[in-house]
Amino acid sequence: MNIGIITGGGDCPGLNAVIRAVVRRALNYNYNCFGIRNGWKGLVDGSIEILDLNSISGILHRGGTILGTSRTNPLKREEDERLLFENLKKFNLDVICAIGGEDTLGVAQKLHEKGVKIVGIPKTIDNDLNATDFTFGFDTAVNIAMEAIDRLHTTAESHNRVIVVEVMGRHAGWIAVYAGLAGGADVILIPEKPFDLDEVSGYIKARHIRGKNFSIVVVSEGAKLKTENLADKDGSLVLSSLSKDEFGHVRLGGIGNVIAQEIEKRTGFETRAVILGHIQRGGSPTAYDRVLGTRFGVAAVDLIRDSKFGRMVALHGNEIVDVPLIEAVGELKLVDLKLYEVAEVFFG
Ligand code: F6P
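Numbering of residues starts from 1 in every chain and runs along the sequence as written. It should be noted that, the model being predicted, local features are given only for residues of pLDDT at least 70 and side-chain atom pairs only at 80 or more, the latter also being counted only at that level, while totals for whole chains, interfaces and linings use all residues. Think of the side-chain values as coming from all heavy atoms in the structure, minus any hydrogens and water.

J.: Teacher, can you tell me more about the site of the ligand here?
T.: With respect to spatial proximity, the complete set of residues near the ligand consists of Gly 10, Arg 71, Ile 125, Asp 126, Met 168, Gly 169, Arg 170, Glu 221, His 278 and Arg 281. The side chain of Glu 221 places a nitrogen or oxygen atom 2.5 Å from an oxygen atom of the ligand. Considered on its own, the ligand offers 400 Å² of accessible surface; in the complex 81% of this is hidden by protein. When its residues are assigned to classes, the shell around the ligand shows 2 nonpolar, 3 polar and 5 charged. The rule for a residue being near a molecule or strand is that one of its heavy atoms must lie within 4 Å of it. Identification of polar contacts relies on pairs of N or O atoms within 3.5 Å, with a donor-acceptor requirement for protein atoms, meaning one able to donate a hydrogen and the other able to accept it, and with residues adjacent in sequence counted only if both atoms are side-chain atoms. To measure how exposed things are, a 1.4 Å probe is used in the Shrake-Rupley method; for residues, cover is taken only from the protein chains shown. Polarity classes work like this: nonpolar for Ala, Val, Leu, Ile, Met, Phe, Trp, Tyr, Cys and Pro, charged for Asp, Glu, Lys and Arg, and polar for all others, with Gly in that last group.

J.: Looking at this structure, how should I read the domain arrangement of the protein?
T.: By a widely used convention, the size of an interface equals the accessible area lost when the partners come together. Per the annotation, domain bounds derive from an automatic or database assignment of domains. When its domains are assigned, the protein resolves into domain 1 (2-136 + 285-329) and domain 2 (139-282). Distance from the C-alpha centre of domain 1 to the C-alpha centre of domain 2: 32 Å. In what follows, a contact means two residues having at least one pair of non-hydrogen atoms within 4.5 Å. Each side of the interface is counted separately: domain 1 has 20 residues, and domain 2 has 19 residues. A 1.4 Å probe defines the accessible area here, and the buried area is the portion of it lost by two parts on being joined, summed over both. Summed over both partners, the interface of domain 1 with domain 2 comes to about 1,800 Å²; 52% of that surface belongs to carbon and sulfur atoms.

J.: For this particular structure, what's the right way to read the environment of Thr 294?
T.: Structurally, Thr 294 can be placed in helix α9 (residues 287-305). Relative accessibility under 20% of the residue-type maximum defines a buried residue, over 50% an exposed one, and the middle range a partly exposed one, all with a 1.4 Å probe and only protein chains included. Thr 294 sits in the partly exposed class, given a relative accessible area of 25%. Comment: elements are numbered from the N terminus, with helices defined as DSSP H or I runs of at least four residues and strands as E runs of at least two.

J.: When you look at the sheet that holds strand β3 (residues 48-51) in this model, what are you seeing that I'm missing?
T.: Strand pairing in a sheet relies on backbone hydrogen bonds, with the paired strands running either antiparallel or parallel. Strands are treated as partners if at least two bridges between them are detected by DSSP. Pairing is mixed across the open sheet formed by 7 strands, whose spatial order is β3-β2-β1-β4-β5-β12-β13. Among the strands making up the open sheet, the edge pair consists of β3 and β13 (319-324). The mean inter-strand angle of the sheet, taken between neighbouring strand axes irrespective of direction, is 30°. Across 2 bridges, the pairing between strand β5 (residues 118-122) and strand β12 (residues 311-316) is parallel. Considered in β12, the bridge of Val 119 is made with Arg 311. Each of β4 (95-100), β5 and β12 is contacted by helix α4 (residues 102-113), which is oriented at about 165° to β5, the strand it contacts most. Each axis is a line fitted through C-alpha atoms, taken for helices only over the stretch in contact, and angles between the N-to-C directions span 0 to 180 degrees.

J.: Looking at this structure, I do not really get α4. What am I missing?
T.: Think of an α-helix as turning once every 3.6 residues; residues three or four places apart then point the same way. Look at α4: 16 Å from first C-alpha to last across 12 residues, which is about the 16 Å you get at 1.5 Å a residue. Along α4, the positions that sit buried rather than exposed are Asp 103, Thr 104, Leu 105, Gly 106, Val 107, Ala 108, Gln 109 and Leu 111. Summarising the contacts, the buried residues of α4 are in contact with α2 (40-45), α3 (78-90), β4, β5, β12 and α10 (325-329). At the C-terminal side of α4, Gly 115 shows a positive phi close to 100°. Between the first and last residue of a helix there are one fewer steps than residues, each counted as 1.5 Å, and that sum is the expected span.

J.: For this particular structure, what's the right way to read the packing of aromatic side chains?
T.: Here a ring pair, both rings aromatic, is described through the centre-centre distance and the interplanar angle of the planes. Only centres within 6.5 Å qualify two rings of Phe, Tyr or Trp (six-membered ring in Trp) as a pair; their planes then separate them into stacked at under 30 degrees, edge-to-face at over 60, and tilted for everything else. Tallied over the entire structure, the rule returns 7 aromatic pairs. With a centroid separation of 5.5 Å and 45° between ring planes, the pair formed by Tyr 29 and Tyr 31 is classed as tilted. Overall, Tyr 29 belongs to the partly exposed group, its relative accessible area being 22%. Their ring planes at 80° and their centres at 5.8 Å tell us that Tyr 340 and Phe 347 sit as a pair that is edge-to-face. Judged by relative accessible area, Tyr 340 falls into the buried class, the value being 4%. Of the residues examined, Phe 347 reaches a relative accessible area of 10% and is grouped as buried. Every member of this aromatic cluster is reached through a ring pair, and the members are Phe 134, Phe 138, Trp 174 and Tyr 178.

Encoded structure:
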């Protein structure tokens, strides 16, 4: 049995733990593993190499992915799709183990429908993939953001400033809510709950009235304005670039700056913005992500052993289960508004 392993989409702490676990478990069954370089691009280019014990030694704690990644959509151009199928044959790949988020696993589902034997492993720091309680990488991103919020607290307090911290989260505010709750944010803004700048400023003014001369506002990059139109045409997003990736996603970033300026205007308090950006995706995974990634990797090879293709390993409670890939990619998993209500208790 020859398994091709692919890591696609944005990189994510814990990817190497997954790759290591897949290869180690595969060796238990005498299966061969091949690393596909740079996401789906490697399957189009034929950039594929054998993965043995040596290739995965010493990578458990390392961030990023030893295989490289990209946002290539191999089904966008007929020629790429033809090359992909040609390479599957040429390299004798019997099964693909796809480690990715909505886009990578969306391609995996389509390939499954076209007859490719495939299993999925859920990855994204955004935690917005359906059919799993958590994706690996999220815990690391939350801890990085929480630590940043802790650090920003002390400087905000020393200077009597408001600091707006922008975190990742294109469509879902999981990182903002978890990091904001853990870091004691005074306001948290997420895509699922459009906000009003006067309301946000009201929370900050209320803090100052009760003697707190600093505030921390955590905002997801994809947060939407309720009433104002400070941004792009539909008044909902602040784009850092108009270019789209191969899956049609625009590049977000910069809403923190807009909100900071507006808060300063409305409250008169000195306000600064900090955009955490890719810092949230870099560096070593937490213990939680290493363990979750390892469990996912081992379980994915067991799915292959059992010929359960077109399925994704998932975390339900504390159990690793498997679900149809289609359930994971149908729609995104948005923040539970009950959780947001808990965060709201601490606003202002
Ligand atoms: O992969 C998820 C994510 O980190 C999003 O939170 C963010 O919007 C996007 O990727 C950034 O993508 P890129 O690395 O291509 O700029």
